[in-house]
Every structure is written in structure tokens, then in C-alpha cells.
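Structural characterization, general
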Amino acid sequence: MSIKGNNTLGRYYSLVSLVILLILTNLVYASYFIRDAYPSHNMISNLIMAAAPLNNLGLPYKDYWDIYPPGIYIFLSPFEYLFNGQTIVFKIFHILFSVLMGLMVLKSLNRIFHTRFTPVVLFFLLYLLLSNYFYCILFHNAFLALLLSVGGFYLLAFSKKTWLNFLFSSILFAFSASMKETFLFTIFLPFLYLASRYLFRERKSLKAFSKNLSAVVIGILLVLLGNYLYLHLLGVQNNYNEVTAYKSQLVGGNSLLQLFNNLNPFAFSDFSSRFKEFSSSFFLHSHGFIYYMYLLAFLVFLIPITSINQNGKRKYSFGKWNHERGLAVTVFGFFILHYEGFQLLNKMQPNYTLQMVPALVLATALLYKISKNKLQTILNERFANHTYYSKIKNGAFAFIILCFVWVLYPRFSHFSFIQTMSLSEYINGFSIKKPEVIIPEKVKQVMANDSRIFHIYGWGTPYFYYFSNAKPFSRFFIIHPNILGEVQLKELVEQFKNELPKVMVYNQTGADMNVPEFENNTIQFEKLLSKCYEFHPAIIYNGYNCSGYYLLKSDDYFKSHPEEFIASKYR
């Protein structure tokens, strides 16, 4: 067999080995959700809205209120149509998607270092150390958006720079942003890449540049068109406009400058305090890493390179475009744009920090490579003939790694742990089926003419509606201040003033909110149940901490004494 054939076979076996290793590793981390009989409440609430039109149970935004963009429902609709929400499907796809994402990160590291050993070491030190983020919540929308975003990055950074790859890359970035807004900034990465090539005068053909730029714009427009058609065909465009209005209130309706200050680590409003923090204790603060990233990007790309021409005059040039510079643009841009999206939430919880993991690994790897190369150049100039040159060099490289670990560890380490399970638990975990909601006959009789039911409080609310295949009394099927503004609360109160639900489920467990304060400011639901409803004990489904249903006796007392139940501002 030829040498070329041996190399091809060797690469094939290496790839197969890595895939097997990734699958085994991800199976270990899958212990975080393998025992669960259903995905997370986030995913179930998304699945309810995606499945509602398919099951004739209403429409997203119109009959179900949530603040996610429509891309996540477009993504989940085929899963509901093909698999009908089977739990095992989500578990298998979650592992496969994580393996695919890990493979793209590994291949990216391989392209950065041009070796096989170093990427694997970095992968296990960083990616696997943090990969339990991928399993904190099963099939979370941030996880799915991240898969598309990493795919877009891989196409942009390592595929041939054809208009078709620019098109698909921009589609993946835009689609990920339409699933979760914190990925919105990555849409600008293809523009950043093309602008950088233009800045460094890599303009072999203006026609090719225009063609690639048009492909990026077309890719984004295709996703926007897909979202528009989804909303338009369902007739819920106006309802979704309410979501965008609500989210604009969360931002505060402030000026672009204020929005910039909210997102930018170099915010003008607190620049001095942040700079003091940075200069006094760089390695002890998590913001040090992003400052280092901005500083390096500034030094590499914005400061002109000074040279002396033959006439003795100083000439300024941005230098020439090459593969290394293009890689740095995509990697650092990918990290910075993800970080800006993360700043929208700025919460150190696994489901929020998830989107930073691949970008963090890639940026750290490239920073290490650049630092190592610069340091090696300095050492070669000053210590090449030194007796202990090799020890000095190895010690310096070890110091670089220690610095990176010192920066990253305090921010992420408290989420790094592994659960272990027996083989039988794994097997049983994949065979678990979704629960079935038990509705007693008396409750069914009450719901015969009106199948709607109102479930109050708790992140278990989406499970109830999804498993029972019932339509909620109010489109606000999830009651939580984080997703309800003043306009929505007023609508909810007005609906109760017009009619009371015939069946209610009341459970404060898992409410994750101040229930007495919420009821004092809206409707006294607990008092309403005691005055107007009759309780019927029942086990709704296994593992759910709720003891029964409330059936409406009469709404006369509520109609005659509304001041006892409704807050004064809504009367």
C-alpha cells in the first residue's frame, strides 16, 4: 500500500477513534438527564407551542404566550411531527448533537495547531471539563442554537471560501439567533471576516467580494423570510409583535448608546472602575479574559504595522492577508460576539453560560498558540545559546497554560462535576417513557363542553399541558414575572373578570417566585379557590407534587365581591 494510502487510512482510523471517544464521553455526561422521563421545562414549553398547530390545540403567541423567537418552534416542529415527543428521541439526539459539536471543535483545534496531540490535550483539559454545560438541561434552546452557531463558525473558518459556504454559514448564524436572541451578534461574524479581508487589501476580485457579501445578506434574509412565513401562515404576526414590544421594555427602550453600555465590557459609564479592576488583579477576575481578547484583537488588527521604505521614510501598512490572520478574525470574533450576547443575560448558570464554552476553548487555544509563538521568538533571540534553554522554554510554556487556567477556573469550575451511573441505570434511562396525566372522570365531565384548564405556578406547568394534551384557559400558560409584563398581567386579570375557569390546578411547589406578593398585586388565586371552587384529590402523574383538581362551584361570590380578589389597580 502506498504512503498516501496509509496516511488516508490513518486519518480515517483517527477520526473513527475520536468519534467513538466522543460518544463514550458524552454517554458519561448524559447521566445528568438520563434518569429524567422528560426534557426540561424550557424545552417542553417550546415544544407545546411548536406542537399546538399540529395537534389542533391553538397557535403560538396567540393561544400560548412565551418570549422565545419563532426559530425554536420551526426547529422543533419536525420532531413533534415525526416522533410525537418521545423522550428517548430527545436523549439520543442530544448526545448526537453534542458529539457533532465536539467533533467540530476538535477539528477546529486540529486546524489551529496542525497537529493531532495538542488539540486532544486541550480538548480534554477544557472542553470536557466544561461539557456538563451541555447536559444541565436536556434539549435546551441555547444548546440547539449553539450547535448551529458552531456549525456556522466551522464553515466560515475552515471551508473553502465560496459564495455557497458564505451563504450556508450566514443561514446557520441567523437561524441560531432566531432560536435565542443571545446569539444575535454572531450574525455579524461573516461581515467582520469579509471586512477584514478588504481592510488588509485582499481584493483579488471586487466581483468575488460582492458575490460573497451578497451571499451573506441573502442567507440572513432567507432566515428572516422563513420566520415571517411561519408567523404569517399561522396568522400570529401581530401576536408576535407583542413579544417584541415586551422585550424592548426589558432593554428599557433606551438609546443605542445605553444599549452599548449594557453590552460592552468597556462601557463608558464605568470604564474607570473596570480598568482599575483589570489593572489591579487581572488574573483574579473573569473580565480579565475578555479584556485580554479585546486588547489582542486591537493589537493584531487595528494598529498599522510600521515599516521603513528605501528612501528612509516611515510607511504604515496593515500588512497582508493570510490564513493565520483569517483564522484569528473568525476565532476572536466568534468569542467576542458570543460574549456580547452572553452579556445580555450576564448570569452564571449552566444554561446561560453554555454558549460560551466552544468559543472559550477555541479562543484560549489560539491565544495560547500566539503567545507561545511570540514567546518562542523572544526566547530564541535571547536564550538560544543558554545552557538551560530547553528548561526555560518549557517552564515559560507551562506558565502560559497556568495563566489561562487561573483566568478561567474561578468563573467556571463550580459547574464542573460528573455524575456516575450503573450500566442498568443507563439502559433503563433510555427506555423511560413520558408520563401520562390522569384526569378523573368527574373532571372530564366538567371539561366536556370546555376543555380548557388553568394551571397556576411552577415550572411544571408546561409538563401538565403537554402530557395531558389539554388547552390552557389563558394563553399565559406559564405564570412568572420574568415573562409577564404589565400589559400581559392586565390582560390576564381582565380574562378572569369576564369568566372563571371551570377547572384549575394550584400548586406553589417550584413556583420560583414570591407567590403572596404576586397575588397581592394581581389576583388572590388561593382565596378565590377557597371561596368559589371545590377540591377533588387525585394523583395527576407520577413524580409530580400536586394533590388534585379544583372544580368551579359558582362564580357569584367573585362577581359580587371583586374587591376581595383583584388588586385595586386592575378593578
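The structure this text deals with has already been given above.
Calculation criteria
Residues numbered from 1 in each chain as written. Predicted model: local features only at pLDDT ≥ 70, side-chain atom pairs only at ≥ 80, totals over all residues. Heavy atoms only, no water. Helix = DSSP H or I, 4+ residues; strand = E, 2+ residues; numbered from the N terminus. Buried < 20%, exposed > 50% of the residue type's maximum accessible area, 1.4 Å probe, protein only. Contact = heavy atoms within 4.5 Å. Areas by Shrake-Rupley, 256 points an atom, 1.4 Å probe, with all protein chains shown as cover. Pairing = 2+ DSSP bridges. Axes fitted to C-alpha atoms, helices over the stretch in contact; angles between N-to-C directions. Patch = residues over 30% accessible without salt bridge, like charges linked within 9 Å, V, L, I, M, F, W, Y side chains within 5 Å. Salt bridge = Lys/Arg side-chain N within 4 Å of Asp/Glu carboxyl O. Polar contact = N/O pair within 3.5 Å; in protein donor to acceptor, adjacent residues only side chain to side chain. Left-handed = near helix turned anticlockwise from the far one by under 90°. Nonpolar A, V, L, I, M, F, W, Y, C, P; charged D, E, K, R; others polar. Parallel < 35°, antiparallel > 145°, perpendicular 65-115°, else oblique.

A look at the overall build of the chain
Along the chain, the regular secondary structure elements total 24 helices and six strands. Counting all 571 residues of the chain, 50% fall into the buried class. Considering only intrachain contacts with a sequence separation of at least 6, the fraction spanning at least 24 residues in the chain is 74%. Carbon and sulfur atoms form 61% of the exposed surface of the chain, whose accessible area is close to 27900 Å².

Side note on the sheet that holds strand β6 (residues 548-552)
The four strands lie next to each other as β3-β4-β6-β5, forming an open sheet whose pairing is mixed. Each edge of the open sheet carries a strand with a single partner, namely β3 (454-456) and β5 (533-537). Ignoring which end each strand starts from, the neighbouring axes of this sheet average 25 degrees apart. Bridge analysis of strand β4 (residues 503-506) against β6 gives two bridges, and the strand direction is antiparallel. Pairing of Met-504 across the sheet is with Tyr-550, part of β6. Seen against the sheet, helix α20 (residues 461-468) touches β3, β4 and β6 and runs at an angle of roughly 155 degrees to β3. In the packing of helix α23 (residues 525-532) onto the sheet, the strands contacted are β3, β4, β5 and β6, and the crossing angle to β4 comes to about 130 degrees.

Some thoughts on a nonpolar patch on the surface
On the surface, a cluster of nonpolar side chains totalling about 580 Å² of accessible area is made up of Ile-218, Leu-222, Leu-225, Tyr-228, Leu-229 and Leu-233. Tracing the sequence through the fold places Ile-218 in helix α9 (residues 206-234). Here Ile-218 falls in the partly exposed class, since its relative accessible area comes to 44%.

Quick look at the pattern of salt bridges
When the charged atoms of two side chains lie near each other, side chains of opposite charge can form a pair. A full pass over the atoms with the stated rule returns nine salt bridges. Between Asp-63 and Lys-471 there is a salt bridge, with the nearest N and O atoms lying 3.8 Å from each other. One end of the pair, Asp-63, is in the loop between α2 (41-51) and α3 (71-83); the other, Lys-471, is in the loop between α20 and α21 (486-498), and 408 residues separate them in sequence. Overall, the relative accessible area of 19% leaves Asp-63 in the buried class. With relative accessibility at 27%, the residue Lys-471 sits in the partly exposed group. Where Glu-181 meets Lys-247, a salt bridge forms, and the shortest distance between an N and an O atom there is 2.1 Å. You can see Glu-181 sitting in the loop between α7 (163-177) and α8 (189-199) and its partner Lys-247 sitting in helix α10 (residues 237-251), a full 66 residues away along the chain. Judged by relative accessible area, Glu-181 falls into the partly exposed class, the value being 27%. When salt bridges that share partners are traced, they join Glu-242, Arg-475 and Glu-491 into one network.

Overview of the side chain of Lys-91
With respect to the element layout, Lys-91 can be found in helix α4 (residues 87-113). Look at Lys-91 and you get buried, because its relative accessible area is 0%.

Remarks on the side chain of His-140
Along the chain, the position of His-140 falls in the loop between α5 (117-130) and α6 (141-158). Judged by relative accessible area, His-140 falls into the buried class, the value being 3%. Within the local environment of His-140, its side chain forms a polar contact with the side chain of Asn-141, the two groups lying 3.3 Å apart.

A short note on the packing of α7 against α9
It is the contact of α7 with α9, at a shortest axis distance of 7 Å, that shows an interaxial angle of 35 degrees. Here α7 runs over α9; the crossing is right-handed. Residue-level contacts link Trp-163, Phe-166, Leu-167, Ser-170, Ile-171, Ala-174 and Phe-175 of α7 to Lys-211, Asn-212, Ala-215, Val-216, Ile-218, Gly-219, Ile-220, Leu-222 and Val-223 of α9. Of the residues in the contact of α7 with α9, the class split is twelve nonpolar, three polar and one charged.

Looking at the packing of α2 against α3
Packing of α2 against α3 leaves a shortest axis separation of 8 Å and a crossing angle of 80 degrees. What the angle tells us is that α2 and α3 run roughly perpendicular. Across the interface between the two elements, Met-43, Asn-46, Leu-47, Met-49, Ala-50 and Ala-51 of α2 pack against Ile-72, Tyr-73, Leu-76, Ser-77 and Glu-80 of α3. Here the contact of α2 with α3 is composed, by residue class, of eight nonpolar, two polar and one charged.

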